[in-house]
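# Inside the fold
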Amino acid sequence: MDPFKALWISQNEDKQTVAWREIKEQDLMPGDVTIRVSHSTINYKDGLAITGNAPVVRSYPMIPGIDLVGEVVKSENENIKPGENVIVTGCGMGEDHFGGYAEYARVKSEWVVPVPEVFSSSQAIAIGTAGFTAMLCVMALQDHDLAPDNGPIVVTGASGGVGSVAVALLAKLGYDVIAATGRTQEKDYLMSLGAKELIDRNDLSGQCKPLAKERWAGGIDVAGSHILANVIAHTQADGVVAACGLAQGLDLPVTVAPFILRGVTLCGVNSVEVPRKKRLRAWQSLAQDLDIAKIDAMTTTYPLSDVIDIAPKILQGQVRGRVVLNVT
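Just so it is clear, the model here is predicted, and its values are computed rather than measured.

A count of helical and extended segments in the protein gives nine helices and 15 strands. Relative to the compact-globule value of 20 Å for 328 residues, the protein shows a C-alpha radius of gyration of 20 Å, a close match. Projected onto its principal axes, the C-alpha positions of the protein cover 60 × 45 × 35 Å. Expressed as a percentage of its 328 residues, the buried residues of the protein come to 54%.

Structure follows, in structure tokens:
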């Protein structure tokens, strides 16, 4: 394996630097599967890591990129063969284990999932952590018996990565979707993904009452803070809300009223540390329930070299849908 390029984050006296550099195979971190990376993507957490706006990176030096797709070139696990096309998402990549912003990666076999045959490599990475997280949220609603005939589902951050895939998934499964976004100019885009109604994020951003008018049977929230509190307060009796993000904040200014007076369930969704059995279930569901044409419609492709410029834009909410980064 010749020396190859990687995006290298280092720290000196609490100052973070980000630069491209050449590394060798022996520089990679321990693992039993080595992958030639063909595609990666950029998520909100990647934007935080590259810009240093939050302490995402827990070990230096670090190669960011919490998602990757590529071909297995070496494997010490008999169930994962060289030549297989695989995807790895989360699992601490880009935080305390080298991630996908390099031409090669070495990872643990329990993190590795075969790319479903219905998806190309670029479609699989377009789904990535965002789509995987959206699927886990949908599974949380389904596992609590929230069916389409129970009522509409609100999705916050609807024009972002998780939100876009969540809207498309829920619509394909027959749910009426209310898309909440700060970019109301994206109405046509969100309607094309399957949303039935659009509301302004500002309607949910302020202080909320302990209980508000029942507006939806459940929700998928990427924001936290007042937005999540309002989503919960407007959820009808026996409704379910899946929370997976903190774009607005870590706090949750809500009372117990929705939980004890309406029986609302709040499900936390962590897409980083997920058992392999659940990972496989989620990807099988994505292969079955996600409209590939909608993935293509929400995807924009760039070379990996553009990722430093894209990072601040994703934090500012200027990136619509999903970004595919061509590594090769």
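It is worth spelling out the packing of helix 2 (residues 121–143) against helix 7 (residues 276–289) at this point. Where helix 2 contacts helix 7, the two axes come as close as 9 Å, and the packing angle between them is 100°. Relative to helix 7, the element helix 2 is oriented roughly perpendicular. Contacts between helix 2 and helix 7 involve Ala 124, Ile 127, Gly 128, Gly 131, Phe 132, Met 135, Leu 136, Met 139 and Asp 143 on the former and, on the latter, Lys 278, Arg 279, Arg 281, Ala 282, Trp 283, Ser 285 and Leu 286.

Bringing unusual backbone geometry into the picture now. Cis geometry is found at the peptide bond from Tyr 60 to Pro 61, where omega equals -5°. Structurally, Pro 61 can be placed in the loop between helix 1 (44–51) and strand 4 (67–75). Positive phi, normally seen in glycine, also occurs at Asp 145, with a value near 60°. Here Asp 145 lies in the loop between helix 2 and strand 8 (153–156). Taking relative accessible area as the criterion, Asp 145 reaches 66% and is therefore assigned exposed.

Take the packing of aromatic side chains next. What characterises a pair of aromatic rings is the spacing of the ring centres plus the angle enclosed by the ring planes. A complete count under the given rule lists three aromatic pairs for this structure. The ring of Trp 8 has Arg 21 lying over it, and the distance from NZ or CZ to the ring centre is 4.4 Å.

Cut-offs and rules
Residues numbered from 1 in each chain as written. Predicted model: local features only at pLDDT ≥ 70, side-chain atom pairs only at ≥ 80, totals over all residues. Heavy atoms only, no water. Helix = DSSP H or I, 4+ residues; strand = E, 2+ residues; numbered from the N terminus. Rg over C-alpha atoms; globule rule 2.2 N^0.38 Å. Buried < 20%, exposed > 50% of the residue type's maximum accessible area, 1.4 Å probe, protein only. Axes fitted to C-alpha atoms, helices over the stretch in contact; angles between N-to-C directions. Parallel < 35°, antiparallel > 145°, perpendicular 65-115°, else oblique. Contact = heavy atoms within 4.5 Å. Phe/Tyr/Trp six-rings, centres within 6.5 Å; stacked < 30°, edge-to-face > 60°. Lys NZ or Arg CZ within 6 Å of the ring centre and 35° of its normal.

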